[in-house]
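# Descriptive analysis of the structure
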Amino acid sequence: AFAVSVVAEGAEDETELPVLQKSEKSRTISKIGRELKGIVFIIQSQSNSFHSKRAEDLKRDILKQAVDLGKELPTVLLIHQINRHEGAWTILPLMRDFSVTYGRNSSWIFFCEEDTRIQVVKLLETLRRFDKSKEWFLGKALYDEESTIIHHYAFAENPTVFKFPDFAAGWALSIPLVNKLAKKLKSEPLKSDFTIDLKHEIALYIWQKGEGPHLTPVPEFCTDDVNSHKADHCATTFSNFLPLCGEPVNKEDVFVAVKTCRKFHGDRIPVVKQTWEREAALIEYYSDYADISIPTIDLGLPNTDRGHCGKTFAILERFLNHTSPRTPWLVVVDDDTLISIFRLRQLLSCYDPNEPVFLGERYGYGLGTGGYSYITGGGGMVFSRAAVQKLLASKCRCYSMDAPDDMVLGMCFSGLGIPITHSPLFHQARPMDYPKDYLSHQIPVSFHKHWNIDPVKVYFTWLAPNTEESHNGRKAGYNREDL
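The protein chain has the name Beta-1,3-glucosyltransferase in an unreviewed UniProt entry, where Rhipidura dahli is given as its organism. The protein chain has a UniProt comment under Subcellular location (unreviewed entry) that states "Endoplasmic reticulum membrane".

Turning next to the packing of aromatic side chains. According to the stated counting rule, one finds 22 aromatic pairs in the structure shown. Their ring planes at 15° and their centres at 4.2 Å tell us that phenylalanine 111 and tryptophan 171 sit as a pair that is stacked. Separated by 60 residues along the polypeptide, phenylalanine 111 in strand S3 (residues 108-113) and tryptophan 171 in strand S8 (residues 171-174) bring together distant segments of the chain. Centre to centre, the rings of phenylalanine 130 and tryptophan 136 are 5.0 Å apart; their planes meet at 70°, and the pair counts as edge-to-face. Classification of phenylalanine 130 by relative accessible area gives buried; the value is 11%.

Right, let's get into the pairing of strand S20 (residues 381-384). Taken residue by residue, a regular strand's side chains alternate between the two faces of the sheet. Every second residue of S20 is oriented toward a common face, with Met381 and Phe383 on one face and Val382 and Ser384 on the other, all of them buried. Looking at chain direction, strand S15 (residues 329-334) and S20 are connected through four bridges and run antiparallel. In the sheet register, tryptophan 329 faces S20, and the bridge partner there is serine 384. As judged from the two bridges shared by strand S17 (residues 358-360) and S20, these two strands associate in the antiparallel manner. When the bridges of S20 are listed, phenylalanine 358 appears paired with phenylalanine 383.

The subject of this paragraph is the confidence of the model for the protein chain. Here the protein chain shows a mean pLDDT of 90. Residues at 70 or above account for 89%. Within the model, the stretch residues 1-17 combines pLDDT values under 50 with nine contacts to residues more than four positions away or in other chains. pLDDT under 50 marks residues 467-478. Its contacts with residues more than four places away, or in other chains, come to 24 contacts.

To continue, consider the state of the cysteines. The final tally for this structure, using the stated rule, is four disulfides. Residue cysteine 222 pairs covalently with cysteine 234 via a disulfide, S to S 2.1 Å. In this structure, the disulfide formed by cysteine 222 and cysteine 234 twists by about -95° around the S-S bond and is classed as left-handed. Of this pair, cysteine 222 sits in the loop between strand S10 (216-217) and strand S11 (236-238) while cysteine 234 sits in the loop between S10 and S11, and the two are twelve residues apart along the sequence. Of the two residues, cysteine 222 and cysteine 234, both sit in the buried class. Two residues, cysteine 245 and cysteine 350, share a disulfide whose sulfurs are 2.1 Å apart. Between cysteine 245 and cysteine 350, the S-S torsion sits near 90°, and that sign places the bridge as right-handed.

Right, let's talk about the pairing of strand S18 (residues 362-365) for a bit. Pairing of strand S9 (residues 194-195) with S18 involves two bridges; the strand directions are antiparallel. In the sheet register, threonine 195 faces S18, and the bridge partner there is glycine 364. In this structure, S18 lies alongside strand S19 (residues 372-375), joined through four bridges in antiparallel fashion. What sits directly across from arginine 362, in S19, is isoleucine 375. What sits between S18 and S19 in their antiparallel hairpin is a turn of six residues, with glycine 366 showing a positive phi close to 60°.

Where helix H10 (residues 309-322) contacts helix H12 (residues 385-393), the axes come no closer than 10 Å and their chain directions differ by 115°. By crossing handedness, the relation of H10 to H12 is classed as left-handed. Where H10 approaches H12, its residues Phe313, Leu316, Glu317, Phe319 and Leu320 are matched on the opposing element by Arg385, Val388, Gln389, Leu391 and Leu392. Of the residues assigned to the contact of H10 with H12, the class counts are seven nonpolar, one polar and two charged.

With that settled, consider the sheet that holds strand S2 (residues 75-78). Spatially, S2-S1-S3-S8-S5-S10 is the arrangement adopted by the six strands of the open sheet, whose pairing is mixed. Of all the strands in the sheet, the pair left with one neighbour each is S2 and S10. With six bridges connecting them, strand S1 (residues 39-44) and S3 associate as parallel partners. In the sheet register, isoleucine 43 faces S3, and the bridge partner there is cysteine 112. Docked against the sheet, helix H3 (residues 49-69) engages S1, S2 and S3, running at close to 175° with respect to S2. Sitting on the sheet, helix H5 (residues 95-102) touches S1, S2, S3 and S8, and the angle it makes with S3 is about 135°.

Scoring rules and cut-offs
- Residues numbered from 1 in each chain as written.
- Predicted model: local features only at pLDDT ≥ 70, side-chain atom pairs only at ≥ 80, totals over all residues.
- Heavy atoms only, no water.
- UniProt positions renumbered as here; feature names shortened; annotations may be inferred.
- Phe/Tyr/Trp six-rings, centres within 6.5 Å; stacked < 30°, edge-to-face > 60°.
- Helix = DSSP H or I, 4+ residues; strand = E, 2+ residues; numbered from the N terminus.
- Buried < 20%, exposed > 50% of the residue type's maximum accessible area, 1.4 Å probe, protein only.
- Pairing = 2+ DSSP bridges.
- pLDDT = per-residue confidence, 0-100.
- Contact = heavy atoms within 4.5 Å.
- Disulfide = S-S within 2.5 Å.
- Axes fitted to C-alpha atoms, helices over the stretch in contact; angles between N-to-C directions.
- Left-handed = near helix turned anticlockwise from the far one by under 90°.
- Nonpolar A, V, L, I, M, F, W, Y, C, P; charged D, E, K, R; others polar.

Listed below in structure tokens is the structure:
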């Protein structure tokens with residue numbers, strides 16, 4: 001702009017123009033370089049080989065864009081490499097490290113997922129709008145339309161008032177806010193409780209019951225597909241609806257174990273048979289009563305009202321000792337889990353069954369004080385045969401028959417040094433328990449619970465390979481907005 005204005009005012013020697021343009025360009029590149037060096041990128045990576053490769057690809061892309069802009073490179077960190085702490089994925093335990101390391105020479109910490117795509121120049125332009133010396137919490141805003149169990153029914157009177165970030169779009173904290181959070185965490189360590197929905201819980205912690213900043217919505221943080229016409233204004237995009245890494249695994253490669261009990265044979269099992277059972281080539285129902293009409297298998301264990309640890313470990317033993325060693329995958333679900341085996345087979349094409357894989361929706365317990373992560377059972381727990389072999393060889397077992405099976409499994413795998421693998425496509429709750437905008441960039445694999453819903457409708461709306469799938473001779477298309 002400076003060079004153009006000189007010419008417009010009548011500079012006689014037009015040979016000055018390229019020199020001035022070059023000087024202006026150099027200054028612009030230098031400014032961009034300084035701004036870029038002030039951003040610390042944190043990728044929510046995982047140590048599983050599939051996920052770590054995707055995170056490394058994103059890191060390379062960010063650094064390549066930086067190289068194209070000039071010499072100054074930003075810091076790009078993979079969260080599973082930052083700290084071997086079990087709870088690194090929950091981010092808050094790392095705030096003090098972030099503050100000590102980057103608290104003086106950086107401006108922003110920008111968090112993203114491995115499938116977030118970033119336009120670095122647009123991101124810089126976006127962050128430039130905010131005074132980096134102030135406390136900022138930036139992101140794409142999600143909110144609950146009604147209070148939900150996964151958020152402990154928070155803001156029950158009007159849940160829409162509380163905004164929390166969609167991690168897929170990326171989110172940012174200014175360094176002054178990072179320093180403030182680090183100071184608070186030093187004086188008030190995180191409590192030893194559950195991590196269920198990290199994005200909501202981080203927003204709650206930052207908000208500090210109204211004393212801290214609310215999330216500031218940023219329209220340039222997007223979850224539109226990178227090829228969408230809507231993405232032109234976006235600094236970030238997101239395109240991971242459902243990963244597919246070649247052909248889906250064979251039907252015969254997935255063994256499905258359904259946990260049930262006699263009192264649910266009459267209402268829950270018929271739903272499974274009307275919906276997703278047809279997708280499974282290998283499926284068994286495990287109960288406290290042998291019912292030949294289903295059929296169910298009595299494992300010889302009494303039913304417990306909660307926990308079911310004894311039953312789950314009996315299922316793992318049976319899978320290892322009574323199924324073909326050529327069957328590489330085991331899925332354990334509840335009788336009120338709604339799941340797409342077809343989509344699961346697509347997803348499993350991305351994982352190596354020779355690795356010890358324990359896959360599903362990740363929760364955490366006591367992660368601020370040396371706890372562990374676990375796969376929450378209702379959304380479905382997926383095991384590679386290698387993971388089951390290592391688990392049972394370890395002799396790690398239930399401390400009681402009615403202990404929570406998913407949490408005991410988390411403790412066992414944590415003790416073995418086998419990290420669990422998180423996929424947001426598994427869901428412990430019902431579709432209406434999640435923001436619509438969050439589900440809009442997913443092709444979900446599972447939901448859980450039949451409470452206050454028509455589970456058959458939910459299946460054919462959200463999970464059937466084709467939502468217009470024929471059901472009992474009739475088309476069964478439903479509108480997601482109604483569910």
